[in-house]
Amino acid sequence: MSLNPLDLFDIRSQLGEDEQLVQDSVARLVDEKVLPVIGRCFEEHRFPREIVPELAALGLLGVYLRGYGCAGLNAVSYGLICQELERGDSGIRSFVSVQTSLCMYPIHAYGSEEQKQKYLPAMARGELIGCFGLTEPHGGSDPANMKTHAKRRGGDWVLNGAKMWITNGNIADLAIVWAMTEEGIRGFIVEKSMAGFSATEIEHKFSLRASVTSSLFFDNVVVPEANVLPGVVGLKGPLSCLTQARYGISWGVIGAAQACLAQLLDYTKSRVLFGRPLDNNQAIQLRLADHARRITTAQLLSLQLGRIKDSGRLNPTQVSLAKWNNCRMALDVARDCRDMLGGAGISAEYVPIRHMLNLESVITYEGTETIHQLTVGRELTGVGSF
Ligand code: TGC
Ligand code: FAD
């Protein structure tokens, strides 16, 4: 029996029927709605906002949260969703990551009952879009050193500062903003309409062009106490959100790598050089085999990570290792697939260059590769060397 080249270790057989169903329905959405438009969106530097209702209709926004209009699916299902979406484009997976793990998750985990009722069902329906402001212009790797701050004034808070590189910033109805207070870092739900809050889109990006990235500015924004997340104080608030999103990314990037390998398997079969198909060359087969090996090991890593997460035993260092390994894998695969296409590899007609350029962001955001390596180093040695 021949093997599936994109699933050499038959991960599919390890999935429950419901997990397979989730994967298949998202795969269909990507095939029908994302792939036909995404190349053009990337060229036009446009997020295909028209897909948001489709994502919401499938229940993908807040998919693993319970109640408040969310489906309460398990972590492996969320991972498979990210994988299929990123097979389309990292920008689509980014949108779902940010909405689900960086905005809905903190409201669900740390919000008041009123906040949950007010925001979560509308966010699950895609009627309200969120963004997550942690990174600041002076340096994102060290968020403990944030300058954005909030001071109490009567029953309200006054927020000042700036955030940079914020996915969804200009299309968001609300921002989860992390700011320093006298009590430590707190989370604020800042609504688009609040006076003094503005967003500017970052243009001229060569990566994640089908995604909106913005700077956020807070100039004496008055935020009512009712918009402060009551359930968490300190850096563990935003970092716990990042753990959820990084987990999804570890799966997502597998989809990007699979898309590249799938295209290369076709291309090297049909391209004839020196009198034989390109894939008849040892040098090409070694490269294709190496990509399949790396995708397979990433799949096994993420599946086990998902099972650990579903059993409630997840350690953030495990997520760091998977995010690091799988982003590195996907970026290397995409770059090498770009090369095996020759000149055609620089054309938007083929997917590797788009995935490769996107993955330059994905390996940087949610903690750079170095930060994740140092996180694993800290776990091994007990010494933080950031
Ligand atoms: P450290 O002392 O390690 O931790 C402070 C507190 O946080 C807890 N903690 C975590 N909790 C949950 N999950 C994690 N991953 C956690 N890591 C740490 C920790 O236990 C501690 O709790 P407590 O109770 O003792 O206070 O903090 P540190 O200042 O030494 O920093 C460590 C470091 C460098 C790993 C951290 O700052 C870091 O991860 N830096 C990278 C920042 C980053 O990833 N930014 C991402 C911004 S968002 C983004 O990129 C979105 S892209 C979205 C998209 O489009 O998909
Ligand atoms: P810096 O922190 O300045 O790092 C610069 C370099 O120094 C990196 O190579 C880093 O690895 C290295 N470095 C840092 N510290 C050390 C050390 N101790 N030892 C050795 N090397 C080190 N942020 C949000 O808050 N919300 C978002 O929605 C969001 N979306 C993003 C979307 C895109 C497209 C991009 C590109 C970024 C996004 N980010 C977002 C920001 C992202 O999380 C940061 O870019 C990332 O955390 C790195 O921060 P920085 O860019 O300030 O780099």
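Parameters at a glance
Residues numbered from 1 in each chain as written. Chains lettered and ligands numbered in written order. Predicted model: local features only at pLDDT ≥ 70, side-chain atom pairs only at ≥ 80, totals over all residues. Heavy atoms only, no water. Phe/Tyr/Trp six-rings, centres within 6.5 Å; stacked < 30°, edge-to-face > 60°. Lys NZ or Arg CZ within 6 Å of the ring centre and 35° of its normal. Pairing = 2+ DSSP bridges. Helix = DSSP H or I, 4+ residues; strand = E, 2+ residues; numbered from the N terminus. Axes fitted to C-alpha atoms, helices over the stretch in contact; angles between N-to-C directions. Parallel < 35°, antiparallel > 145°, perpendicular 65-115°, else oblique. Left-handed = near helix turned anticlockwise from the far one by under 90°. Contact = heavy atoms within 4.5 Å. Nonpolar A, V, L, I, M, F, W, Y, C, P; charged D, E, K, R; others polar.

Hey, could you go over the packing of aromatic side chains for me, with residue numbers and the actual values?
With the rule as written, the count across this model stands at 8 aromatic pairs. Every member of this aromatic cluster is reached through a ring pair, and the members are Tyr64, Tyr78 and Tyr247. The ring centre of Tyr64 lies 5.3 Å from the NZ or CZ of Lys309, which sits over that ring. Residue placement shows Lys309 over the ring face of Tyr247; its charged tip is 5.4 Å from the ring centre.

Just give me the short version of the pairing of strand S9 (residues 213-224), but keep the residues and values in it.
Here is the key point about a regular strand: its side chains alternate between the two faces of the sheet. Relative to S9, strand S5 (residues 156-167) runs antiparallel, the two sharing 9 bridges. By the bridge assignment, Gly161 is partnered in S9 with Phe218. Relative to S9, strand S8 (residues 197-201) is paired through 5 bridges, and the arrangement is antiparallel. Paired with Thr200 across the strands is Ser215, a residue of S9.

Tell me what's going on with the packing of helix H8 (residues 316-340) against helix H10 (residues 369-381), and back it up with residues and numbers.
The geometry of H8 relative to H10 is characterised by a closest axis approach of 9 Å and an angle of 140 degrees between their N-to-C directions. The orientation of H8 relative to H10 falls into the category oblique. When the axes of H8 and H10 are compared, the crossing they make is left-handed. The segment H8 lies against H10, with Thr317, Ser320, Leu321, Lys323, Trp324 and Arg328 engaging Glu369, His372, Gln373, Thr375, Val376 and Glu379. By residue class, the composition of the contact of H8 with H10 is 3 nonpolar, 5 polar and 4 charged.

All we've got here are geometric facts, nothing functional implied.
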